[in-house]
Every structure is written in C-alpha cells, then in structure tokens.
Amino acid sequence: MKETVLWVVLPYVTITIFVLGHVWRYRYDKFGWTTRSSQLYESRLLRIGSPLFHFGVLFVLLGHIGGLAIPASWTEAAGISEDAYHVVAVVIGTLAGFCTLAGLAILIYRRRTTGPVFSATTVNDKMMYLVLTAVIVIGLAATVAANVVDHGYNYRETVSPWFRSVFYLNPAPDLMRDVPPLFQLHALSALLLFCIWPFTRLVHMLTAPVGYLTRPYIVYRSRDARMGALPPRRGWERP
Amino acid sequence: MRVMAQMAMVMNLDKCIGCHTCSVTCKQAWTNRTGVEYVWFNNVETRPGQGYPRRYEDQEQWRGGWTLNRRGRLSLKAGGRFRKLLTIFANPKMPGMDDYYQPWTYDYETLTSAPLQEHTPVARPKSLLTGKDMKITWSANWDDDLGGSPQHIEKDVLVRDLSDKVKAEFDKTFMFYLPRICEHCLNPSCAASCPSGAIYKRTEDGIVLVDQDRCRGWRMCVTGCPYKKMYFNHRTGKAEKCTFCFPRVEVGIPTVCSETCVGRLRYIGLVLYDADKVLEAASTPDDTGLYEAQREVFLDPSDPRVVAAAEAAGIHRDWIEAAQRSPVYALINTYKVALPLHPEYRTMPMVWYIPPLSPVVDIVRDTGHDAENAGNLFAAIETLRIPVEYLAELFTAGDTKPVEAVLRRLAAMRSYMRDINLGRDADESIPGRVGMTGELMYDMYRLLALAKYEERYVIPTAHEEQAHKLEELATECSLDYEGGPGMGGSGPFGESSGGAAPIAVENFHMLRQRQTSDSPVDPADKHTRVNLLNWDGKGTPSGLFPPEPGGPTGNPPADSGAAETEPKP
C-alpha cells in the first residue's frame, strides 16, 4: 500500500501537475515566463556561480537520462560493462554534482548578501531554492554514501526500471521497496521539485532558446492584431 | 527592389537647449514604473561627456553592434549564435546598475512625521533597489552642462580618438546637447542578439519592439545594442525599449518627446528604403563609407518607379504621399544636412542629427568678427578642428568631410538669410558655394526655422479599416478584451505575472497606485507608495500631507482608495 502511494500515485500526480501546470502557466502567465535575471544588480559572483551551476546541472541532467531512461541492457549491448559504466557515471556524476552544488552555494550566498538581489527575492524563490538544494544535496549524498560506505549501489536494476515503468503506464512499485532510503528520498524530493516547477522561475528551462541557432537574425512582424483591445468586430456586430 | 517604409526622426542639435523636457515627459509616459526607475528611453547628454550609461560608446568594452569578420561578412561584435548560447548563463558584457546609476527616492515622510526638534528634518535619499540610505554619486545626466568636467571629461570615449592638442582645449571651447532615443535601426543588432526572437521590426513602419510575452530575460539585447537603448526591467525580468510611441504614431500624433520638445527641434517622417540593399550597405568595408552607403539605401519617393514598386509592396497611397512630404527624407537626402549617429556600429540607425553650427558661430562671434558672414564662417569651419573632429567622431566615423559640408551649408544658410531678412539683395553666390540654389536654400531655411507642426511631423495614420486594432483609439472599452486585466493588479507570482495590459490601462492603474503609495521599494506594498516624480498633484496620498485638523473630513478625491481614509496619528 505504502509502495503504491509513493511510487505510483505520487509520480502520476507529479506528471499531471508538471504538464498541466506548464500549460496553465503558459496560457495565463506568459508575461511572467522569464529567468528573472538579477545580473543587473550584481555580476561578479554571478559570472562564476551561474555557469558553474547551470552547466553542472546540464551534465547532471544528461547523467540522469543516461542512468534512468537507457536500460542497462542497451549499454551492455554497446559493449560497455557494468563496472565501466559505474565508474564513469560515479566520477562524472559526482564531479557535475559538486559543480552544481558549488554554483548553487555561490548563487545563494550572493542572493543573501547582495542587497538589491536579496530584496528582489520572493517567497516563491526561497521555497524553490530550498527544494532544489534538498534534491541536489540528497542526490549527491546518496551517490557518495553508496560508493564510499558501500561498494556502490546498482540503481539500474531497481530505480531505473521503476522510472521507465511509470512512463510505460505499467508501474512497478515493488522495485522501489528495497532501494536505500537516500535514493528513495532523492526520488521523492525530485517529485516535489517537479510539482512546484511550473509555478516557479524554473519554467525558463522549458523555453531554452535553441531555435536561435536556426532562425534569421532579424525578425520582421506585422502589426500585432492582439495589441489593441478587441479583435475587429464584424460589420453586423457594430453598434 | 523590396520597398519598405520606415518611421524616422531627425533632430536639429543647434536648437537643443538641454532642458530635458523630452526625457521627463517620456519617463512619465513610459518608464514611471518599478523595475525601470533607472531607465530613460529618451535621455539628453551633454557632449563632450560620458553619456548614459557611462561610456556606452566604447564598443571595445561593451561589444555592441556589428562588425566585419575576417571574411568581410557582417557579424555581431559580441559573438555569434553559439557564443551567445554558451554565455547565456552570465552575460559577460552587460552593463551593471553602476554603469547606469543607482535609482533613488527621498524619504519625504520624515519631513512631516519628524518630532519637534532643534534642526530642520531632511529628506534623505533612499535607494530604490534596497530601500537603504545611499549616497548619490551619479545619474543619467550627472555631467550635465559639463558639470565636473575636469574630472570626467577624460572619460569621454570620443576624446580618446582626438589629437592631444584638441584634448587639452576642448572643454573650454564648445559644448552641445545630444538627445538620444532608440535608433529603430534598419539592421537592428538587438533583434539579432535576442535568443528568443522576441524583438522584432514592424513591417509597416519599421518600429523595433519587444514582445513582452516572448521575452525570457536572456539579456543579450542589452549587450547587442551599441547605443545601449535596450533596458532590462529588473522587476519583471523583461527587456524594454523606446517604442517610438507607436500608439500615438499609429493615430498620426508625434511621439511624446517630439510633441513636448521646447526647441521644436525634432522632425518625424517616413523614409522608403530598399530592404534588399540593407545588408550590403551595412557590410561596406570602410567605416567612413557607411554614411553614404546608408543614404544609398533610401529610395526617392517621388521617383515613379519607386512609387510603383511601393504600391506593389502593399504600401498604401497615403503613406507614399506622406513619404514624399517627409521632412526626414528632405533633411537627409535633399538638403543633406542630417547625419546618422555612429554609423560605424553598422546597425543603420534611423534617428539622424543635424550637427550644431553654434560652436563655430560662438567662437567667431567671441573673437569680434562678423559671425553671420559666410566667408568668416567657412574659414572658421576649416580652421576650428575641435568641434569638427569631435562631430565627425560622433556622426561619420571620424571622416570630417561630410561634417564640414553640412556645417558649410548651415553657415551659408545663415549668411544668405541675413541679407534677405535685412531687405538686402540676396547673394546667390553663397548657396552656389555649397552646391545649392537660392530657392533650395530658402526651402531648407523654411523647414529648419519656420516649419509648423504639420510640416515637422508628417505621420500617416494607420488605416481606418485597422482602427479597431489600435491601442489608443477609444472606440471601444479598452478594458474588455479576452482575458483582460479587469481592474489591474498582478498575478499570483508577483508583479511580473499575469497578461500584459494595454498601455492605457496600465498607465491608469500605475498612476493610481503611485498616487496612493508610501514606501520606497518593496513591491508587496506598492499600493501604498508615494513617488513624487509621478504624483500629479491630485488626490492626497497617505503620508504626503500632515493630518488635517479634525481628522480626514471633506470629500476625498474619487481615486483615493483605502489608504486615504485611514485615520492619521
């Protein structure tokens, strides 16, 4: 029962909130869809912290795609042994994780100590930072603990199949039963992060401007029909 | 030939008295909101001086505009698409708040709420960013009228390129004002820098705008614009810029800055240009060739072939007629007295300037010579290197010949018109010396000196069949559109959320909120804030006046809101 709630109900609730939340936010709050950059206030610390965090988190994302979405059988078919995969994943993952954490630490320090940045911080931001930090710290702790204390934990036999099973619409909550608590906690905190995601400034990730690489430099647009108050009424509608 | 129409402006710098009326009215109309306190879509700089933001012209530092790469092709100076995306997490070349200035307000409340004491209470400056006490050290026009120039004049970017002799002298010899708005370039580097594609050039009139719904706050446009006329709203996290007052221009009224210009030095009109030739012109190998290259891009609106092509391109007949009467085209191409600001940035700017002759005239007059005599003025233009070299750095990438030619025309006009005004026979040799006829010179004089409102601002309206789409036409209730803002306020994620309101609605609510507000920074309590800059003298915002004897009686104004009726301590 507990397994069903944690590893079936919660994930689907999260996915629903994540998708519908974004749709709703995009429809209702396009104007609020922004990075809310604070570079104008302070740039010295940001220039170290922000790339460190963002590139770190991009590598972490790639690592998670590799670890969760790609079945172990595929990597083995490609000739990568479990040990080789594990070493590469742990080294790069830990490195990227610590970069992310260091970047985040610098950014949070900057946010707290730079007056204008601090006064531009909303309650929403603080909550988001808390959850984000928790996810990263727990995830990093899980990796480090599993590899330092134990001899590594092969999440590709439990967490990954469960993760994929959710998307196959054939959830297998029992796989998560014996997963170490830190990994469980990391997964749950990530679910929480995805729940609040559409309602925070994190939405800017979904509009990463990759289209810039292909579009023409200068954009021409005709006068916007929506600029004014009403669409022009039909002749028979005029008073 | 692909004909497009461009709304453009020319400013006659001889007439600018540096009163900042354009800046103030523009600020009132467009940037009187939190997040853009430091923003001046229109600002007036004293030259020589650093400008706003400080030293914005130093493109070796700020990397704005375009440059030619090794293969001679046009590329963004701050780097291409990949470079932009790689540096998107922290823009390496973005001016900080200190390069503009830290916006502030005053703690006016102390003046009325301070207890009885020996010393007069003072309203201390408070930062609008932190709400803390601050020391005011800079502003958008801190070096106005060469104020503090012994310390600051060396920092003028253009001075670097002048000779040493000129440097030592020039703050004694001349000064003029340079009002600046967005250039609404034909080849806008801000739009090219925008990763989201939110900045666009309108096909109808060439006005460059930011789509507030598509801007994601990547800040690359701020770097991209060499004139630093893209601003980052630090509350909403979106870029904002001069709009050429499009809601006014669409209904045929000039921009706020032009309308309120005391010296009547601004001209607005259409220019037809060949969009196919823009890239080629912007890629002119030599910086000094860019002024001529840009003039070549403009099409003669009275040429029947151009008219035919314009009609084929869907430009309406009344727009073509407006282009034929355009004062801007006349000043640029017929009289050839207007010059572009910093053509070397290769953005093809569309706000042009008639350089000031007054520095030359002043010097000639101060030496006791006849400052209306064409010969004296011509000789002075040739000998006075200081103003000419400086103006050339500003308007022609350092090439003094076009500047000299313009100044000679202005000098000739001055001299020619004196004879006529004094009832003497006009000396037709004077216009001849600058390649003009007497008639042409008289027409130029009329346009520069006498032109009435309708001649200075030739603005064709948007078409009536589109009228319902226009922002400021009160043909329908501007509040009632789908998903409209109703009675204002902000969305669930604070000030920056919720749909963008029509400008008229936004201004209405903004002013109302401002009139009933009280503390300097926190947007959470913006409903009770007073900003004297925006207070229009109506209503009695809470905290602005001492309590009336006997409590708040009488009739509170209609807009008063809850704050006014609170009993005062």
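Each value, and the rule that gives it
- Residues numbered from 1 in each chain as written.
- Chains lettered and ligands numbered in written order.
- Predicted model: local features only at pLDDT ≥ 70, side-chain atom pairs only at ≥ 80, totals over all residues.
- Heavy atoms only, no water.
- Pairing = 2+ DSSP bridges.
- Helix = DSSP H or I, 4+ residues; strand = E, 2+ residues; numbered from the N terminus.
- Axes fitted to C-alpha atoms, helices over the stretch in contact; angles between N-to-C directions.
- Parallel < 35°, antiparallel > 145°, perpendicular 65-115°, else oblique.
- Left-handed = near helix turned anticlockwise from the far one by under 90°.
- Contact = heavy atoms within 4.5 Å.
- Nonpolar A, V, L, I, M, F, W, Y, C, P; charged D, E, K, R; others polar.
- Buried < 20%, exposed > 50% of the residue type's maximum accessible area, 1.4 Å probe, protein only.
- Phe/Tyr/Trp six-rings, centres within 6.5 Å; stacked < 30°, edge-to-face > 60°.

Trainee: Account for the sheet that holds strand β8 (residues 199-202) of chain B, naming residues and giving values.
Mentor: With respect to topology, three strands assemble into an open sheet ordered β1(A)-β8(B)-β9(B), the strand pairing being mixed. What marks the edges here is a single partner per strand, and that holds for β1 (220-221) of chain A together with β9 (208-210) of chain B. In this sheet, β9(B) lies alongside β8(B) in antiparallel orientation, the contact comprising three bridges. Among the inter-strand pairings, B:Tyr200 is bridged to a residue of β9(B), identified as B:Leu209.

Trainee: Please give an account of the sheet that holds strand β14 (residues 351-354) of chain B that cites residues and values.
Mentor: Residue and element names in this part refer to chain B. One open sheet holds the four strands; their spatial order is β12-β1-β14-β13, and the pairing between them is mixed. Taken across any chain shown, the strands that pair with only one partner, and hence form the sheet edges, are β12 (266-274) and β13 (339-340). In the sheet, strand β1 (residues 3-12) pairs with β14 via four bridges, with the strands oriented parallel. Looking at the pairing, Asn12 lines up with Ile354 of β14.

Trainee: Can you tell me about the packing of helix α17 (residues 358-366) of chain B against helix α18 (residues 374-383) of chain B, naming the residues and giving the values?
Mentor: All names here are of chain B. Contact geometry of α17 with α18 gives a least axis separation of 10 Å together with a crossing angle of 115 degrees. Relative to α18, α17 is oriented roughly perpendicular. For the element pair α17 and α18, the recorded crossing hand is right-handed. From α17, Val360, Val361 and Val364 reach across to α18, where they touch Asn376, Leu377, Ala380 and Ile381. Tallied by class, residues from the contact of α17 with α18 come to six nonpolar, one polar and no charged.

Trainee: Residues and numbers for the side chain of A:Glu3, please.
Mentor: Residues and elements named next belong to chain A. Examined against the element boundaries, Glu3 turns out to sit in helix α1 (residues 2-28). Residue Glu3 is classed as buried on the basis of its relative accessible area of 14%. Setting aside its immediate chain neighbours within four residues, Glu3 contacts Val8, Pro173 and Arg177.

Trainee: Can you break down the packing of aromatic side chains residue by residue, with the values?
Mentor: Per the counting criterion, the structure on display carries 30 aromatic pairs over all chains. Ring centres of A:Tyr153 and A:Phe183 lie 5.2 Å apart, and the angle between their planes is 45 degrees; on these two criteria the pair is classed as tilted. Taken together, the residues span a long stretch of sequence, with A:Tyr153 in the loop between α6 (123-148) and α7 (159-167) and A:Phe183 in helix α8 (residues 181-196) at a distance of 30 residues. Here the aromatic rings of B:Tyr442 and B:Tyr445 are separated by 5.8 Å at their centres, their planes lie at 45 degrees, and the arrangement is tilted. Here B:Tyr442 and its partner B:Tyr445 are both found in helix α22 (residues 438-450), three residues apart, which amounts to about one turn of the helix. Classification of B:Tyr445 as buried rests on a relative accessible area of 15%. An aromatic cluster is defined as three or more aromatic residues linked by ring pairs; in this entry it consists of B:Tyr38, B:Phe41, B:Tyr52, B:Tyr100, B:Tyr101, B:Trp104 and B:Tyr231.

Nothing here speaks to function; it is geometry throughout.
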